[in-house]
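# Summary of structural features
So the chains spell out like this:
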Amino acid sequence: MINRLANLVAGSAHNYSNNSKSPHLNSAVKDAGAKYDPNTLPSGGDYHVSLSAAQGDDLFEDFLDDSFFKAIPELVSFGYSSVYRIRADNKEENSFQYGELTEQSDIDAFLVQKDRLSSDGQIRFSFIKPTKELLELSQRLNDDELEKLAEVLTSAPRYNEYTNLISDHSEDIISTLSTLSDDVLSSSLDVMAHLVQQNKAHDRTAPFTPAGLLGEDGIENPLLRVEYGLFEDLGLSELNDYSSHLMQYVKLLDNNKMHDGQLLELNQHINQGDFATNAGIIDMATTIKPFEQDSFFAMLQEVDKSNTQNIFAMLGQQTDKWAHTQYFMTEGREFVVHHDEDTDESERRDLHKSVLEAYENNGLSWMNEVIEFTFDTPAATHGDMWQQLLHDVDNHPDEFLHSDSIEVWAENNLDIIKKNFVQQQIQKVYEFNLDLRVPYQLGELKYIEPEIQDEPTDNSVQP
C-alpha cells in the first residue's frame, strides 16, 4: 500500500494560488507558502519528498475553485499531504513518514481509510494531517460517517488577526470527537455536517442597506465605518463566520457539561432547526449552568422550531454581525456604518438567565407574545428589554392581568429603551471618530430606521 506513495516525483508540488483582493489573505497565503512548501524538508539529512494525487489536476483545481473559503481552510499547516522517505546512510531499510505516522502499518491502515472515501472525500482528506488519533477515529466510523468527518474537518477556517495566518481546528475537532461514545459520535457527526451545510447556504449579506449607501459597484461606500476588531477586512471576518457555529458546537462537546442522553436529545433538536434557531440553541447550551439544563431542555422541547421568529432565533441574533450593525447619516448627508461589538459571553449568559426565568414563571405562550412585539428590536437591547420586563412583572403584577398587557407594556417601554440604545451608539461613533488621526466632521448624527427602504428624508431618520 505504501509503495504507491513512495514513488518519488521529482519537483512535484501543487501550487496553491489565490486571487483574493484582500491584502491580509494574500499575505497569509504568501507566508504559508514560504513556511510550508511541500518540497521544503523539515531538517537536515538525506530526505526525498514524494507527493501522491489519486485524482487528476482538473478535478483538484475544480475542488479548490469551488471550496476555497468554504471547504479547504488549511493553507498554513498541512498543504497537500506528503510522504517523506528517509534513506539511511548505513544502507538500512528505508523508513517513511506520512504526516505524524512513521510506522508502515499505520500508514497502510490510514490509506485504507482514505480509499473508503469518495473522490471528493479523498481530496478533502489530503488536506488533513495524518495522525494516530485521526486513524483510530476513522476506524470507528462507517463509510458515511467518515465522509462527514472529511467534510467537517475541512470546513473550519479561522483567520487569526494576531498572526495574520489562516488555520483550521481539525486537530481540536479530532481530539474532541475521539472522546465521545459511539452513539454520541455518530449523532454529533450528523449535527456537524448539518451545521456545515447550513453555514454554506446561509446568506451573509446585510438584510437592510439604506438607499444611497451602495456605489455603482454594489459595494457600501460610507464616509466612516466603525469597527472594533483588529482588522476591517470584511472578507476575512466572513471567513470566520463560516465556522463560528460549528466551532461553538465543538466547544460544547469539549466542555462536556451534558451526559450522553442530553447530547443525543440536543442533537435531535439541532437537526430540526434552521440557521438562526440553531445559533441560539447552541449558544444557550454552551453558556448556561448545569442547574439550568432542565428548564432549557423543557423549553427546547416545547418551542416551535418551524416558526422563524421563535425564542432561540431571537437569541441567535446576539452572535449575528448584521443584528449588531446600525446606520447613521451625518449633517452632510453622508453615511456612517457602525458595526457594534457582539455581546460577550457573560452578557449573553445574563440574557439566557432572564429568558429561562420568564419560561419558568410565565410559560412559553406568554413568551411568544413578548417575542411578537420585540423580535425586531435591536439585538443589543434584548438583555435590557427582558430584564426590564421581568422587573415590571414582579413589581407591578396588576398591570399584566389583561389580554393586551404585553402590547401595552411594549408601547410604553420599547421606544425609551431603543432611544437610549441609539444615543449610546452615537456616542460610540463620536468617540471612535475622535480617536482617528484625522477625525471627520460628522455634525449631528441621525439614526436610520432599518424598516425604511426609501431614500432617507428628515422624516425617515430620528435622533
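Preceding this section is the structure that the text describes.
Residues numbered from 1 in each chain as written. Predicted model: local features only at pLDDT ≥ 70, side-chain atom pairs only at ≥ 80, totals over all residues. Heavy atoms only, no water.

## Here we look at a negative patch on the surface
Taken together, the side chains of Asp320, Glu341, Asp342, Asp344, Glu347 and Asp350 define an acidic patch exposed on the protein surface. Counting through the fold element by element, glutamate 347 comes out in helix H15 (residues 345-362). On the basis of relative accessibility, which here comes to 44%, the residue glutamate 347 falls in the partly exposed class. (Patch = residues over 30% accessible without salt bridge, like charges linked within 9 Å, V, L, I, M, F, W, Y side chains within 5 Å. Areas by Shrake-Rupley, 256 points an atom, 1.4 Å probe, with all protein chains shown as cover. Salt bridge = Lys/Arg side-chain N within 4 Å of Asp/Glu carboxyl O. Lys, Arg positive; Asp, Glu negative; His and termini not counted. Charge placed at Lys NZ, Arg CZ, Asp CG, Glu CD. Helix = DSSP H or I, 4+ residues; strand = E, 2+ residues; numbered from the N terminus. Buried < 20%, exposed > 50% of the residue type's maximum accessible area, 1.4 Å probe, protein only.)

## Thoughts on the side chain of glutamine 318
Along the chain, glutamine 318 falls in the loop between helix H14 (311-316) and strand E7 (325-329). Dropping the residues within four chain positions of it, glutamine 318 is found in contact with His324, Asp342, Thr343, Arg348, Leu351, Ala379 and His382. (Contact = heavy atoms within 4.5 Å.)

## Some details on the layout of surface pockets
As a volume, the second largest pocket reaches approximately 590 Å³. Taken together, 26 residues make up the lining of the second largest pocket; nearest its centre are Thr343, Glu347, Ala380, Gly383 and Asp384. Only H15, helix H17 (382-395) and helix H18 (405-434) provide two or more residues apiece to the lining of the second largest pocket. Examining the composition of the lining of the second largest pocket, we find that seven residues originate from one element, H15, more than from any other. (1 Å grid on protein atoms, 1.4 Å probe; cavity = no way out; pocket = protein on both sides within 12 Å on 5 of 7 lines; lining within 4 Å. Points joined across faces, edges and corners; volume = space filled by probe spheres on them.)

## What to know about the nonpolar core
A general trend in soluble globular proteins is that nonpolar side chains are found buried together. Counting 78 residues, the largest nonpolar core has Phe296, Met299 and Trp386 as the members making the most contacts within it. Looking at which element gives the most residues to this core, the answer is helix H9 (residues 182-201), with seven residues. Once residues within four sequence positions are removed from consideration, phenylalanine 296 is found in contact with Met258, Leu266, Ile281, Met284, Ala285, Ile288, Phe312 and Leu356. Listed in part, the 12 residues of the second largest apolar core include Phe328, Val336, Val422 and Leu445. (Core = buried A, V, L, I, M, F, W, Y, C linked by side-chain atoms within 4.5 Å.)

## Remarks on the packing of H9 against helix H11 (residues 260-272)
Look at H9 against H11: their axes get within 10 Å of each other, and the N-to-C directions meet at 25 degrees. Taken together, the axes of H9 and H11 lie roughly parallel to each other. Seen from above, H9 lies across H11 with left-handed handedness. Here H9 contributes Asp183, Val184, Ser187, Ser188, Asp190, Val191, His194 and Leu195 to the contact with H11, which in turn contributes Asp260, Leu263, Leu264, Asn267, Ile270 and Asn271. Each residue belonging to the contact of H9 with H11 can be placed in one class, and the counts come to six nonpolar, five polar and three charged. (Axes fitted to C-alpha atoms, helices over the stretch in contact; angles between N-to-C directions. Parallel < 35°, antiparallel > 145°, perpendicular 65-115°, else oblique. Left-handed = near helix turned anticlockwise from the far one by under 90°. Nonpolar A, V, L, I, M, F, W, Y, C, P; charged D, E, K, R; others polar.)

## A look at the environment of valine 370
If you trace the backbone, valine 370 turns up in helix H16 (residues 364-374). Linking valine 370 and serine 405, residues 35 residues apart in sequence, is a C-alpha distance of 10.0 Å. Those residues in contact with valine 370 that lie beyond four places of it in its chain are Met385, Trp386, Leu389 and Ile406.

## Looking at helix H12 (residues 275-287)
A rise of 1.5 Å per residue sets the reference length of H12, with its 13 residues, at 18 Å; its end C-alpha atoms lie 18 Å apart and thus fit the reference within 8%. Of all 13 residues that make up H12, 12 are buried, and the element is covered over most of its length. Every buried residue of H12 is accounted for by Phe275, Thr277, Asn278, Ala279, Gly280, Ile281, Ile282, Asp283, Met284, Ala285, Thr286 and Thr287. (Expected span 1.5 Å × (residues − 1).)

## Thoughts on unusual backbone geometry
Of note, asparagine 256 is a non-glycine position whose phi angle comes to about 55 degrees, a positive value. Structurally, asparagine 256 is set in the loop between helix H10 (234-255) and H11. A positive phi is found at arginine 333, a non-glycine position, where the angle reads about 60 degrees. Looking at the secondary structure, you find arginine 333 in the loop between E7 and strand E8 (335-339).

Purely geometric stuff here, so don't read any function into it on its own.
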